[in-house]
Amino acid sequence: MRLVLSVCWFVLTLLIAAPDVFAVQPDEILQDKGLEARARTISKELRCMVCQNQSIDDSEAPLAKDLRLLVRERLTKGDSDQQVINFLVARYGEFVLLKPRFSLHTAILWLGPPSLLIGGAIVLVLIARRRNQRGLSDPTKPQGGSLTPGEEARLASLLKSGET
């Protein structure tokens, strides 16, 4: 049983690590370790246009390979990291970035989720306050006041007739 569990963990570890191992091909790797490290850092910030939820560093798509080679080519020509990113954004648009820059046309991406979260919290607080003011927060209290003696007698007779 322990052997089976060990093999399962080993296979699971390989499956999790596999995308990182096989994405960048050996023929793409630069000889200069400093440039290669910069290329890997930049590649992790760029979106694969085919996969869309992966960086080009993790993707095995042919377009991702082309973009990785383009990044390495620009770095070997002497471009800075920011120049490489600016070049790719100019060529492919802001969508190529996994984390879009904050600007007027991306403000809703950055401000929308926190605004919705804060707005929802405010609405919940207002609803809770309104319930407390009306006395609706205690479910054991009868809503709308107590019954009149006539209503209580009618309710008692209905309950007695329903029991038999």
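Since the model is a prediction, treat every value here as computed from it, not as a measurement.

Draft legend 1. Molecular detail of the packing of aromatic side chains. Summed over all chains, the structure comprises zero aromatic pairs. Against the face of phenylalanine 95 rests arginine 47, its NZ or CZ located 4.6 Å from the ring centre. Taking NZ or CZ as reference, arginine 74 lies 3.9 Å from the ring centre of phenylalanine 87, over its face.

Draft legend 2. Structural view of helix H4 (residues 81–92). Over its twelve residues, H4 runs 17 Å from end to end, which matches the ideal 16 Å to within 8%, given 1.5 Å per residue. Here H4 has its buried residues at Val84, Ile85, Leu88 and Val89. Viewed end-on, H4 has its buried residues packed into an arc of 130 degrees, placing them on one side of the element. Exposed and oriented more than 90 degrees from the buried face of H4 are Ala90 and Arg91. The inward-facing, buried residues of H4 contact helix H2 (33–45) and helix H3 (62–76). Just past H4, the residue glycine 93 takes up positive phi, approximately 90 degrees.

Draft legend 3. Summary view of the pattern of salt bridges. Inspection of every chain in the model, using the stated rule, returns five salt bridges. Close ionic contact of arginine 72 with glutamate 36 constitutes a salt bridge, the shortest N to O distance being 2.8 Å. Here arginine 72 is found in helix H3, whereas its partner glutamate 36 is found in helix H2, with 36 residues between them in sequence. The buried category is assigned to glutamate 36, whose relative accessible area is 9%. Among the ionic pairs, arginine 74 bridges to aspartate 79, the shortest N-O distance being 2.7 Å. Residue class for arginine 74 comes out partly exposed when judged on its relative accessible area of 22%. Given the relative accessible area of 15%, aspartate 79 is considered buried.

Draft legend 4. Inspection of the nonpolar core at higher detail. Judged by nonpolar contacts, the single largest core of 19 residues is most densely connected at Ile42, Leu46, Ile56, Val71, Leu75 and Leu88. Elements with a contribution of two residues or more to this core: H2, H3 and H4. Apart from the residues within four sequence positions on either side, valine 71 is in contact with Ala39, Ile42, Leu46, Ile56, Val84 and Leu88.

Draft legend 5. Spatial organisation of a nonpolar patch on the surface. A cluster of nonpolar residues, Phe102, Ile108, Leu109, Trp110 and Leu111, forms a patch on the protein surface that exposes about 570 Å² of accessible area. As for its placement among the helices and strands, phenylalanine 102 is situated in the loop between H4 and helix H5 (107–134).

Draft legend 6. Representation of the state of the cysteines in the model. Inspection of the entire model under this criterion finds zero disulfides. Considering cysteine sulfurs only, cysteine 51 is the nearest to cysteine 48, which forms no disulfide, with 3.5 Å between them. We classify cysteine 48 as buried; its relative accessible area is 0%. Residue cysteine 51 is classed as partly exposed on the basis of its relative accessible area of 28%.

Draft legend 7. Up close: the packing of H3 against H4. Packing of H3 against H4 leaves a shortest axis separation of 10 Å and a crossing angle of 135 degrees. Taken together, the axes of H3 and H4 lie oblique to each other. In this structure, the crossing between H3 and H4 has a hand that is right-handed. Across the interface between the two elements, Leu67, Leu70, Val71, Arg74 and Leu75 of H3 pack against Asp81, Val84, Phe87, Leu88, Arg91 and Tyr92 of H4.

Parameters at a glance
Residues numbered from 1 in each chain as written. Predicted model: local features only at pLDDT ≥ 70, side-chain atom pairs only at ≥ 80, totals over all residues. Heavy atoms only, no water. Phe/Tyr/Trp six-rings, centres within 6.5 Å; stacked < 30°, edge-to-face > 60°. Lys NZ or Arg CZ within 6 Å of the ring centre and 35° of its normal. Helix = DSSP H or I, 4+ residues; strand = E, 2+ residues; numbered from the N terminus. Expected span 1.5 Å × (residues − 1). Buried < 20%, exposed > 50% of the residue type's maximum accessible area, 1.4 Å probe, protein only. Arc of directions from axis to C-beta. Contact = heavy atoms within 4.5 Å. Salt bridge = Lys/Arg side-chain N within 4 Å of Asp/Glu carboxyl O. Core = buried A, V, L, I, M, F, W, Y, C linked by side-chain atoms within 4.5 Å. Patch = residues over 30% accessible without salt bridge, like charges linked within 9 Å, V, L, I, M, F, W, Y side chains within 5 Å. Areas by Shrake-Rupley, 256 points an atom, 1.4 Å probe, with all protein chains shown as cover. Disulfide = S-S within 2.5 Å. Axes fitted to C-alpha atoms, helices over the stretch in contact; angles between N-to-C directions. Parallel < 35°, antiparallel > 145°, perpendicular 65-115°, else oblique. Left-handed = near helix turned anticlockwise from the far one by under 90°.

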